[in-house]
Amino acid sequence: MRFSALADASPVMIWMTDPDNRCYYFNQSWLTFTGKIFEEQAGSNWLTGVHAEDIKVFNNVAVTLKQKEKYTCEYRLMRYDGTYRSILEVGNPRFLPDGSFAGYIGSCMDITETKIAKTELANQTKELLRSNEELEQFAYVASHDLQEPLRMIISYVQIIQKNIEKKNTEGLSEFMNYVLEGTGRMQLLINDLLQFSRVTRRGNPFIAVDLNEILKISTTHLTARISENNATVTYDSMPKLKGDNFQLIRLFQNLIDNAIKFRAPNRQPEIKISVEERAEDFVFAIKDNGIGIEDKFYNRIFVIFQRLHTRNEYEGTGIGLAVCKKIVERHGGEIWVESKQNEGSTFFFTINK
Ligand code: ADP
């Protein structure tokens, strides 16, 4: 009697089995949790509350039961409200004074909240590590790239200074042009940096968007680029989803723009945009027939200011794909490329439903 009063006062669920491992006792916490009466739980009836996918846990437990040893296990059990909760169970064998086996006594705790908190913490840590790494890479690349025009400005200003001291005005205006070119380039890079940081800082709230409309706008913005290159851009019927419409326009626009810009000189650019629906997300593909990318550069091109060509070959600052990556990640997706050199590239990205 004292035992059951004590057990009923416990917030932990407690049960006992006989030597044949059939439950003959459940404390009040167990019955309150399951919302059942004792008869509905007695013997092996309680197993009907265990999640179908977790029944296998008890196949392993059965092995330990035979050895009459202590065990710990985890499974999902149905609560009174029909939801499954994660349970941590500890079972201890009981022995009578003469040493004979008397069954098990066990306790169970609802660890659902702890599990959720643990997963959230692990996800946050992962995200923090990722963003920290990105920040380090970003700071390195950004400062490195800003140094380049700055170095040019400094060296020409030094030349100008020396010439002024010598009262030599020859070539001054040409040197000034180099200085202006350097400052112009720095301004461009700083604007790009600002744009890049705005993706997360100044994003719009997600609304329902029709991607057919988004693609119509993206391609309209590229009218000049498309017609100058005689390019054809075709796309499948697109889904509706939740997102930041301005950023989605930007995303498609950057990818289509690149698909045309990095065209093969000897063939007309053909860009095909398709979509595949999966259980939890959509996979979009932007396929071109351009110059292609060597596989060792597949990751590098998504880093800010990283380019594979000089400015004389193809204009640009190397911000486009870094912005695309940020937009996709803000929408809970991933972006990657598959390519064959001299045949073309396909940029893939996912967006959560
Ligand atoms: P930018 O276009 O300003 O160079 P991006 O970040 O958009 O910057 O692209 C980075 C680099 O990735 C490009 O310089 C180019 O070398 C490569 N790239 C991007 N898209 C394509 C493509 N569709 N085909 C071939 N190369 C590409």
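Residues numbered from 1 in each chain as written. Predicted model: local features only at pLDDT ≥ 70, side-chain atom pairs only at ≥ 80, totals over all residues. Heavy atoms only, no water.

Engineer: Would you take a moment to explain the site of the ligand for this structure?
Structural biologist: Of all residues adjacent to the ligand, which total 21 residues, the nearest are N258, D288, R307, G318 and L321. T317 is positioned such that a nitrogen or oxygen atom in its backbone is 3.1 Å from an oxygen atom of the ligand. G320 has a polar backbone atom sitting 3.3 Å from an oxygen atom of the ligand. A total of 530 Å² of accessible area belongs to the ligand in isolation, and the protein chains cover 98% of it. Taken together, the elements giving at least two residues each to the shell around the ligand come down to α9 (245–261), α10 (320–330) and β12 (344–352). The dominant element in the shell around the ligand, judged by the number of residues it contributes, is α9, at 3 residues. A class-by-class count of the residues in the shell around the ligand yields 9 nonpolar, 9 polar and 3 charged. (Near = heavy atom within 4 Å. Polar contact = N/O pair within 3.5 Å; in protein donor to acceptor, adjacent residues only side chain to side chain. Areas by Shrake-Rupley, 256 points an atom, 1.4 Å probe, with all protein chains shown as cover. Helix = DSSP H or I, 4+ residues; strand = E, 2+ residues; numbered from the N terminus. Nonpolar A, V, L, I, M, F, W, Y, C, P; charged D, E, K, R; others polar.)

Engineer: Quick question: what am I supposed to make of the environment of N177 here?
Structural biologist: Within the element layout of this structure, N177 appears in helix α6 (residues 172–201). Taking C-alpha positions, N177 is 39 Å from N132, a pair spaced 45 residues apart along the chain.

Engineer: Even after reading the chapter, I still don't get the sheet that holds strand β2 (residues 23–26), so can you show me in this structure?
Structural biologist: Within a sheet, neighbouring strands are paired by backbone hydrogen bonds and run either parallel or antiparallel to one another. Spatially, β2-β1-β5-β4-β3 is the arrangement adopted by the 5 strands of the open sheet, whose pairing is antiparallel. The open sheet is flanked by β2 and β3 (71–78), the only strands paired with a single partner. Neighbour-to-neighbour, the strand axes of this sheet turn through a mean angle of 25°, independent of strand direction. Looking at chain direction, strand β1 (residues 13–17) and β2 are connected through 3 bridges and run antiparallel. Within the sheet, the bridge partner assigned to W15 lies in β2 and is F26. The strands touched by helix α4 (residues 57–67) within the sheet are β3, β4 (84–95) and β5 (101–110), with β3 carrying the most contacts at an inclination of about 145°. Packed on one face of the sheet, helix α5 (residues 112–165) meets β3, β4 and β5 and runs near 120° to β4. (Pairing = 2+ DSSP bridges. Axes fitted to C-alpha atoms, helices over the stretch in contact; angles between N-to-C directions. Contact = heavy atoms within 4.5 Å.)

Engineer: What should I look at first to understand the pattern of salt bridges in this one?
Structural biologist: Side chains carrying opposite charge are able to pair once their charged atoms draw close together. Using the criterion set out here, one finds 17 salt bridges in the structure. The partner of E127 in a salt bridge is R130, with the nearest N and O atoms 2.9 Å apart. Within this pair, E127 and its partner R130 are both found in helix α5, separated by 3 residues, close to a single helical turn. Among the salt bridges present, the one from R225 reaches E315, with a minimum N-O distance of 3.8 Å. Taken together, the residues R225 in helix α8 (residues 223–228) and E315 in the loop between β10 (281–287) and α10 connect sequence positions 90 residues apart. For R225, a relative accessible area of 19% gives the class buried. According to the relative accessible area criterion, E315 is exposed, its value standing at 52%. What emerges from the salt-bridge pattern is a single network uniting E127, R130, K325 and E329. (Salt bridge = Lys/Arg side-chain N within 4 Å of Asp/Glu carboxyl O. Buried < 20%, exposed > 50% of the residue type's maximum accessible area, 1.4 Å probe, protein only.)

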